[in-house]
Amino acid sequence: MSLTKQIISGDRRALAQALTLIENDDHSSQHILTDVYRHTGCAHLIGITGIPGVGKSTLINSLAKLMRKSGDKLGLLAIDPSSQFSQGAILGDRIRMKDLLGDEGIFIRSMASRGVLGGLSSTTAAAVDLLDAAGFDRVIVETVGVGQSEVDIASNAQTSIVVLCPGLGDSIQAAKSGILEIADIIVINKSDYPEVNLTKSYLREMIDIGSAAQTSGSETQNIIDDINEKLDTDSSIWEVPIITTVATTGEGIGDLFEQLLAHYEHIKSTGEIIRRRHSRLRAIFESQLRKQLYTKLSQMLSEDYCLRQLEVIMERETDPYTAATNCIKHFETNYIGDED
Amino acid sequence: MSDNPIRILIAKPGLDGHDRGAKIIARALRDAGLEVIYTGLRQSPMMIVEAAMQEDVKAIGVSILSGAHQVLVPRIINLLHEKGLGHVPLLVGGIIPENDVDELFQLGVAGVFGPGTSTSDIVSLVQDVVSSNKNKINYSA
Ligand SMILES: Nc1nc2c(ncn2[C@@H]2O[C@H](COP(=O)(O)OP(=O)(O)O)[C@@H](O)[C@H]2O)c(=O)[nH]1
Ligand SMILES: [Mg+2]
């Protein structure tokens, strides 16, 4: 039986091995992804983002226990950064997910970011597709919210959860970085700590201003009024809920699950889910184009040719920008021109 | 594809609540470029083997201080075989009496290191064990 068939039929070990091949960008991975593609599109894809230590893994532990009560099968992907120095990593998310072990309805995979340019998002997307094809009802991806990665997760997820902790520092940082804009649900975890209410009202304000700014350019207050009015009448607008939780005790997790279900229903009923599917597939398609084009280009342009370009740049006879353009021209005239 | 990082599971089975040694080893392996899936304290053999399967690791390292190796190690090895993971090398660290080491090797343990072993020795042991095991891993799609 092929690896793909084994995955579809629920063979967990085959799934684990396929995930390795994908992660290593093995030559067989495209074949596997092509095979599983038509089995994808069924799972609810959930992204959970936040700074290290905010409680994402603990939250997933509590949330997953609850989800399992309603029979959902869960695929969990926990991504942590690789060390910049050694390329190694310590992946410790399982420490917090102890309650989920030994449950056949749950599959957990830890992944290091491996620091490849744009590689993480395509590997993540591929891993998500495998879990989707393997028949998990919900696929949850945990990522550290730094730099671009949260934006990548937005293009991967149908429901994005941003996790913050009490205290304005974290929230202001989140608002500034633009991470709030991708949130469908905001969680203030560790709400057993002080300053929860202050944090909540700050975030409420930032979210309202954020969604107002997206609507048009006129006076903010008017728009907030507008939106409030619309909210009363127009069910097509999703008001981002802010949920306070204590992941370690499970407090607030019921609310979170409820909102997750509500959001999923919302995007399905408004057709938003189709737009999200579209932008996800577009991101995957474009990153494949980039990757395959780059591979082709580096195969076609000999190493000698590239080294020569570098020498010329070093001699300051040309600049890196012109040299890159020249490379493309060289590629076009030598390999593409004669085809039409 | 040989430059992909080695993925290893480091776990601390048994009931004693002390994982400093395991953490030091995890860090040393990370610094040597390995990806360490660290599962923490009080892992049952079942949990360890299940995690090793899901994570598709190339090796498993367990740290045992409680003297329970005679019970825990055979259980882990049996479960590995049951799950079709008999080829995944198991390394045992901790306080293992000299007389028991041979017995562990006979059970199929790939390496044993005591409290005195330097982290660099542990790192090269892991790398050796994994690379000598490579051709046994069947990845045919
Ligand atoms: N007091 C308190 N501690 C929490 C809460 N949630 C998580 N923690 C602790 O925060 C630490 C980091 O949690 P973890 O889930 O690993 O965070 P992650 O890095 O975001 O995945 C752990 O020690 C957790 O026990 C909470 O709601 N309240
Ligand atoms: Mg975590």
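Computed from a prediction, not measured in an experiment: that's the story for all the values here.

Undergrad: Could you give an account of the packing of aromatic side chains, naming the residues involved and the relevant values?
TA: Working definition: an aromatic ring pair is given by the centre-to-centre distance plus the angle between the planes. Residues and elements named next belong to chain A. Overall, the coordinates contain one aromatic pair over all chains when judged by the stated rule. Between Phe107 and Phe136 the ring centres are 6.3 Å apart and the planes differ by 45 degrees, which places this aromatic pair in the tilted class. With a gap of 29 residues between them, Phe107 in strand β4 (residues 106-112) and Phe136 in the loop between α5 (119-133) and β5 (138-144) connect regions that are remote in the sequence. Both residues of the pair, Phe107 and Phe136, count as buried.

Undergrad: So what about the pairing of β5 of chain A? Which residues, and what values?
TA: Residue and element names in this part refer to chain A. Across the seven residues that make up β5, a large majority, seven, are buried. Alternating residues of β5 divide into Arg138, Ile140, Glu142 and Val144 and Val139, Val141 and Thr143, and every residue in both groups is buried. As paired elements, strand β1 (residues 44-50) and β5 share seven bridges and run parallel to each other. Looking across to β5, one finds that Gly50 is bridged to Val144. Strand direction decides the pairing type here: strand β2 (residues 74-80) and β5, joined by five bridges, are parallel. Counted as the bridge partner of Leu76 is Ile140 from β5.

Undergrad: How would you summarise the sheet that holds strand β3 (residues 59-64) of chain B if you had to cite specific residues and measurements?
TA: With parallel pairing, six strands are arranged side by side in an open sheet as β3(A)-β2(B)-β1(B)-β3(B)-β4(B)-β5(B). At either margin of the open sheet sits one strand with a lone partner, and together these are β3 (89-91) of chain A together with β5 (111-113) of chain B. Shown here is a sheet whose adjacent strand axes are inclined to one another by a mean of 20 degrees, direction ignored. Note that β3 of chain B and strand β4 (residues 90-94) of chain B share five bridges and pair parallel. Counterpart to Val62 of chain B in the pairing with β4 of chain B is Val92 of chain B. Contacts between helix α3 (residues 69-82) of chain B and the sheet are confined to β1 (7-13), β3 and β4 of chain B, with β3 of chain B contributing the most and set at about 160 degrees to the helix.

Undergrad: Before we move on, could you go through the pairing of β1 of chain B and cite the residues and values that matter?
TA: Residues and elements named next belong to chain B. With seven of seven residues buried, β1 lies mostly within the body of the structure. Here β1 pairs with strand β2 (residues 35-43) via six bridges, running parallel. Bridge pairing in β2 links Pro13 to Gln43. Handedness of the β1-helix α1 (residues 20-31)-β2 crossover: right-handed.

Undergrad: Tell me what's going on with the interface of chain A and chain B, and back it up with residues and numbers.
TA: Counting residues at the interface gives 33 residues for chain A and 33 residues for chain B. The largest contributions to the chain A side of the interface with chain B come from Arg13, Ile90 and Arg94 of chain A, which together make up 22% of the buried area. Linking chain A with chain B are five salt bridges, by the criterion used here. Residue Arg94 of chain A is joined to Glu55 of chain B by a salt bridge in which the shortest nitrogen-to-oxygen separation is 2.6 Å. At the boundary of chain A and chain B, one finds 16 residue pairs in polar contact (both at pLDDT 80 or more).

Cut-off values and rules
Residues numbered from 1 in each chain as written. Chains lettered and ligands numbered in written order. Predicted model: local features only at pLDDT ≥ 70, side-chain atom pairs only at ≥ 80, totals over all residues. Heavy atoms only, no water. Phe/Tyr/Trp six-rings, centres within 6.5 Å; stacked < 30°, edge-to-face > 60°. Helix = DSSP H or I, 4+ residues; strand = E, 2+ residues; numbered from the N terminus. Buried < 20%, exposed > 50% of the residue type's maximum accessible area, 1.4 Å probe, protein only. Pairing = 2+ DSSP bridges. Axes fitted to C-alpha atoms, helices over the stretch in contact; angles between N-to-C directions. Contact = heavy atoms within 4.5 Å. Right-handed = clockwise from strand over helix to strand, strands pointing away. Buried area = accessible area lost by both parts, 1.4 Å probe. Salt bridge = Lys/Arg side-chain N within 4 Å of Asp/Glu carboxyl O. Polar contact = N/O pair within 3.5 Å; in protein donor to acceptor, adjacent residues only side chain to side chain.

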